[in-house]
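# Examining the three-dimensional arrangement
Given next are the chains, with one letter for each unit.
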Amino acid sequence: MTELRQLLLSRIREVADYPEPGVMFKDITPLLADPAAFTALTDAFAEIAVRTGATKVVGLEARGFILGAPVAVRAGLGFIPVRKAGKLPGATLSQRYDLEYGSAEIEVHAEDLTADDRVLVVDDVLATGGTAEASLQLIRRAGAQVAGVAVLMELSFLDGRTRLTAALDGAPLEALLTV
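We now turn to the structure provided with this report.

What counts and how
- Residues numbered from 1 in each chain as written.
- Predicted model: local features only at pLDDT ≥ 70, side-chain atom pairs only at ≥ 80, totals over all residues.
- Heavy atoms only, no water.
- Pairing = 2+ DSSP bridges.
- Helix = DSSP H or I, 4+ residues; strand = E, 2+ residues; numbered from the N terminus.
- Axes fitted to C-alpha atoms, helices over the stretch in contact; angles between N-to-C directions.
- Contact = heavy atoms within 4.5 Å.
- Phe/Tyr/Trp six-rings, centres within 6.5 Å; stacked < 30°, edge-to-face > 60°.
- Buried < 20%, exposed > 50% of the residue type's maximum accessible area, 1.4 Å probe, protein only.
- Salt bridge = Lys/Arg side-chain N within 4 Å of Asp/Glu carboxyl O.

Spatial strand order, 5-6-4-3-7-8-9: seven strands in an open sheet with mixed pairing. Edge strands, defined here as strands with exactly one partner in the open sheet, are strand 5 (92-99) and strand 9 (173-178). Within the sheet, the average angular offset between the axes of one strand and its neighbour, ignoring direction, is 20 degrees. Pairing analysis gives two bridges linking strand 4 (residues 78-84) to strand 6 (residues 102-109), with the strands arranged antiparallel. Following the sheet pairing, R83 is matched in strand 6 by E107. Docked against the sheet, helix 3 (residues 35-51) engages strand 7 (118-126), strand 8 (145-154) and strand 9, running at close to 160 degrees with respect to strand 9. Its contacts with the sheet put helix 5 (residues 130-141) on strand 3 (56-60), strand 4, strand 5, strand 6, strand 7 and strand 8, and the angle it makes with strand 5 is roughly 150 degrees.

So this is what it looks like as C-alpha cells:
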C-alpha cells in the first residue's frame with residue numbers, strides 16, 4: 001500500500017489560496033491525467049467494493065462520478081450518481097444537510113436502489129463529512145444497506161470521520177490517503 005500511496009501523492013497538486021485565501025486545494029486532475037495512477041486508484045477502490053460486498057457504487061457529485069464510475073465497471077457493479085438537487089429527471093429522493101454557511105440538498109433516483117443493494121459510496125475527499133453523511137441517510141431512505149465509504153483523501157484536520165461514525169453504523173470508512 002505504501003507504493004500506492006506514494007504514487008497517488010505524487011500526482012496530487014497543491015494549489016495555494018484556491019478557491020479562497022488560506023485554502024490549500026488538493027487538485028487531483030494530474031492523477032486523473034496519468035493512466036497508471038488512475039488505474040491504480042480504480043483498482044484499489046474496486047478491491048474495497050468487492051471486499052465490502054457492495055452491489056452498487058454511489059458517486060457523489062462531481063468528482064465522485066469521475067472516480068466511482070470506473071470503480072463500478074472494474075468491480076462488475078452498477079453505478080448510481082448522487083446529484084445536487086434539481087439535476088435528475090423523474091422521481092427522486094432528496095436529503096438536505098447543513099453546511100458551514102447555509103445548507104445544500106442532494107438527490108438520487110428513487111428506483112435505482114433496492115433493499116437487496118449494498119452500497120459503497122465513493123468520493124475524492126472527506127472533509128467535514130456533511131455530504132457523505134447525507135448520502136448515507138439517502139441510501140438508507142431508499143431501502144438499501146450501506147457497505148461503506150471509500151475516499152481518495154481524508155482531510156483529518158476537519159474531523160469528518162467523527163461526524164460519519166454514527167451514520168456509518170459499523171460500515172467501514174476507508175481513506176487511501178490521510179492528510
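A separate point is the packing of aromatic side chains. According to the stated counting rule, one finds two aromatic pairs in the structure shown. Taking the centre distance of 5.2 Å and the plane angle of 80 degrees together, the rings of Y18 and F25 count as edge-to-face. On the basis of relative accessible area, F25 is assigned to the partly exposed category, the value being 23%. Taking the centre distance of 6.4 Å and the plane angle of 85 degrees together, the rings of F65 and F79 count as edge-to-face. Taken together, the residues F65 in helix 4 (residues 63-75) and F79 in strand 4 connect sequence positions 14 residues apart.

With respect to the element layout, A37 can be found in helix 3. Residue classification places A37 among the buried residues on the basis of a relative accessible area of 0%. With 28 residues separating them along the chain, A37 and F65 place their C-alpha atoms 17 Å apart. Apart from residues lying up to four places away in sequence, A37 is in contact with L7, L8, R11 and L31.

Let us look at the pattern of salt bridges. Going through the model one piece at a time under the given rule, you end up with twelve salt bridges. Put simply, E47 and R51 hold a salt bridge, and the shortest N to O gap is 2.9 Å. Note that E47 and R51 are positioned in helix 3 at a spacing of four residues, about one turn of the helix. Two residues, R83 and E61, come together in a salt bridge whose shortest N-O distance is 3.0 Å. With R83 in strand 4 and E61 in the loop between strand 3 and helix 4, this residue pair connects regions lying 22 residues apart in the sequence. Relative accessible area serves as the criterion here: at 22%, R83 is assigned to the partly exposed category. A residue is classified by how much of its surface remains accessible, and E61, at 23% relative accessible area, is partly exposed. One connected set of salt bridges, linked through shared partners, spans E47, R51 and E174.

Turning our eyes to something else, we now look at the environment of V151. Following the sequence through the fold, V151 ends up in strand 8. A residue is classified by how much of its surface remains accessible, and V151, at 2% relative accessible area, is buried. Put simply, V151 and G64 are 87 residues apart on the chain and 8.8 Å apart in space, counted from C-alpha to C-alpha. Not counting residues within four places of it along the chain, the set of residues in contact with V151 comprises F45, D123, D124, V125, L126, E174, A175 and L176.

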